Amino acid sequence: NTFGTITNTAWVTSTTTELDSTDNVYSVTTTITPVVDLEVQKYAHPNPVYPGETITFTIVITNNGPYTATNVVVTDTLPANSLPTGEKIFTLSELTPTHSASFVISVTAPVSGFLVNNVEVSGAEYDPDTANNVAMAYAAVVPISDLEIGKRDDPDPVNAGAPLTYTVTITNLGPAPAGSLVSRVSSENNHWLRIPFREGRSRPYFTNLRLGGIEGQVQNITVTIHGLSHSYPADLAFLLVGPDGQGVILMAGAIGGGDVNNITLHFNDTAANLPLSGTVMDGGVYRPTNYGFGDDFSPPAPGAPYAGSLSAFNNTDPNGMWRMYVYDTVYSDDGEISGGWSLELTTLTTDTITMTDQLPSGLTDPLPPLAPVDWWCDPITAQGEATCAANYLDVHTPVDFVLRATAPITAGVITNTAQITATTIDTDTLNNSVSITTTVSALADLAITKTVNAAVAPAGARLTYTLSVENLGPSPLLSEVVTVTDILPRGLVDPAVQSSGTWTCGTSSTLITCTVEGLNLGPAGDIVITAYAPGAPGTITNTAAVTTVVPDPTLDNNDAEVIVTLLPPPLAIQKRVTPVEDVAYHGTVTYTVVLTNAGTADALDVWFKDVLPAEVDFARW
């Protein structure tokens, strides 16, 4: 248990006499080198860390013995995206066996990203196990964003029953993207591995990489072997084992027919297979390739079956222990891995951003939302709720959603409310919701029709006009006054009006006016006007109109007229003579003419003509 030099002496003697006894003694001196097992561990706190917050890395150095370590140097490489950056170096003059020393480093976290802090320890004494001389600490920066939502409507005001468009704008004010977080992590174990001439395990059989504090699940992975040398690499089998115990053969039975010398190989699923034989490119990228290796790796490696694709690690938690096992399957040839191996991981969290818009009640025929690329939308619910979601929203990149529907038929003010939420942290929730009001203007298409009981009638006849009014919409009139005016033809006698429903009417010799307060969709009660036609023959025109203060989209049907043709009264004429016979010469003959008006009004400007026979002389009327 001491170091320095020791001498071992051996001699030989005999009972017989020797000619030369000077070679009967031999001594060997051995230098005992002090051995230490330095181990470094590193911890990050807090983890995850908020942007701009102070994060503390604690380094713990332990000497596992058996000798005291001297001139201990601790080199810490600060994260490239923290403040400060660079290297920190700590020294210890000595560290006795089983004892530990700790160091603390504090840095400021960036606004977003992932922190990787690497530390390495070394001493003046020989350390047979350098795998634990390196440690890495990982810390995720909490993705914090400030989502803002805005909205505009078009048009405003909008006519009842007309198209209405809402545009919702979402902006991420930062500092970090919202939604799913993509992290890219690199870690390496640069431990040297010897591949012996005999068949069997490398020395050491496996090396470790421990990952921690990484958010999300694995989406892509690249494995790199650094400094591979071997006289016949087709004898080698590499097995990568993940934290959950899943194993993937990286290389087995490949690159036969020659040797490789200090090359670097990258493995990724997107590349081509390694060749069965021939040469490979130093720094080349290849997919995991197995040409027929089907045996189990010896414990502690997990047993077969093994996957042939790195996608076996997809959608798994990257945190935990990763191991690389190396096995030589044939008793011949040897080699080494001088630079160890490394992992490059891409991980993705499952965070989402959700936009919800509650459309006002009364809207009809909503169309599916027009959403940006990479957003998906659910069908609008029966309650008028529109929902769209996405996995990612970058900083200061506004996105628009367009929602279209038909405005309500009832006038008033409607309110549309939209909000934006995310599973990631939002520093200001006051701008996550927005409401906008839209004025709906009533619009009523009033129509009036008019009929008369007789389009052709005798002068002076009794006429009956019927006025029918209908609200064709789209808006019901709730309290607005509807007015019907009827301009009577000149000469009508004794006009009178009757109405059904709630019309209120007034009459004069030339005008009838009826009003009603409010008019629902559909027909209103009829208005009936009666009067006697003028006594003179000819044509008379009766015109009626309907009006209200609410805009009417179709004015062509707001008035109506009927024309009545008046015929002369039905006159009859009769004539008799006395005496009928045996009139004396120069006697008196009397003609009696009777005119009759069979109509209902006086006949005006009536005249008749009577032509006497030539044989008589007119005496008197």
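Keep in mind that what you see is a predicted model, and the values were worked out from it rather than measured.

Engineer: Sorry, what's going on with the sheet that holds strand S45 (residues 559-567) here?
Structural biologist: In a beta sheet, neighbouring strands pair by backbone hydrogen bonds and run either parallel or antiparallel. Taken in spatial order, the 6 strands make up an open sheet running S36-S45-S44-S38-S41-S40, and their pairing is mixed. Each having just a single partner strand, strand S36 (456-458) and strand S40 (504-507) make up the two edges of the open sheet. Strand-to-strand twist across the sheet, computed as the mean angle between neighbouring axes with direction ignored, equals 20°. Judged from the 3 bridges that link them, S36 and S45 form a sheet pairing that is parallel.

Engineer: Can you walk me through the sheet that holds strand S7 (residues 100-108) in this structure?
Structural biologist: Taken in spatial order, the 3 strands line up as S3-S4-S7 in an open sheet, and their pairing is antiparallel. Each of the sheet's edge strands pairs with one partner strand only, and the pair in question is strand S3 (38-45) and S7. Each strand of the sheet is rotated relative to its neighbour by a mean of 20°, with strand direction disregarded. Across 9 bridges, strand S4 (residues 54-63) lies against S7 in antiparallel orientation. By the bridge assignment for S7, Phe57 is matched with Ile105.

Engineer: Even after reading the chapter, I still don't get a nonpolar patch on the surface, so can you show me in this structure?
Structural biologist: On the surface, Leu571, Ile573, Tyr591, Leu595, Val606, Phe608, Leu612, Phe618 and Trp621 cluster together to form a nonpolar patch covering roughly 950 Å² of accessible area. Those elements that provide at least two residues to the nonpolar patch are strand S46 (571-578) and strand S47 (590-597).

Engineer: Would you explain the pattern of salt bridges in this entry?
Structural biologist: Pairs can form between side chains of opposite charge once their charged atoms are near each other. Counted according to the given criterion, the structure contains 4 salt bridges. For Lys151, the salt bridge goes to Asp357, with nearest N and O atoms at 2.4 Å. With Lys151 in strand S11 (residues 147-154) and Asp357 in strand S27 (residues 353-358), the pair connects residues that are 206 residues apart, well separated along the chain. Classification of Lys151 as buried rests on a relative accessible area of 14%. Across the pair Asp610 and Lys575 runs a salt bridge whose closest N-O atoms are separated by 2.6 Å. Separated by 35 residues along the polypeptide, Asp610 in the segment after S47 and Lys575 in strand S46 bring together distant segments of the chain. Classification of Asp610 as partly exposed rests on a relative accessible area of 28%.

The rules behind each value
Going along each chain's sequence as written, the residues are numbered from 1 onward. Given that this is a predicted model, residues contribute local features only at a pLDDT of at least 70 and side-chain atom pairs are listed and counted only at 80 or more, while totals for whole chains, interfaces and linings are drawn from all residues. Heavy atoms throughout the structure, all of them, feed into the side-chain values; hydrogens and water do not. We call two strands paired when DSSP finds no fewer than two bridges between them. Put simply, DSSP marks the helices as runs of H or I at least four residues long and the strands as runs of E at least two long, and each gets a number from the N terminus on. The convention used is that axes are lines fitted to C-alpha atoms, helices contributing only their stretch in contact, and that angles between N-to-C directions extend from 0 to 180 degrees. Like charges within 9 Å and nonpolar side chains (Val, Leu, Ile, Met, Phe, Trp, Tyr) within 5 Å are joined into patches, using only residues over 30% in relative accessible area that form no salt bridge. Accessibility throughout is a Shrake-Rupley quantity obtained with a 1.4 Å probe, and a residue counts as covered only by protein chains that appear here. Any Lys or Arg side-chain nitrogen found within 4 Å of a carboxyl oxygen on Asp or Glu counts as a salt bridge. Exposure classes here rest on a 1.4 Å probe applied to the protein chains alone. A residue is buried below 20% of its type maximum, exposed above 50%, and partly exposed in between.

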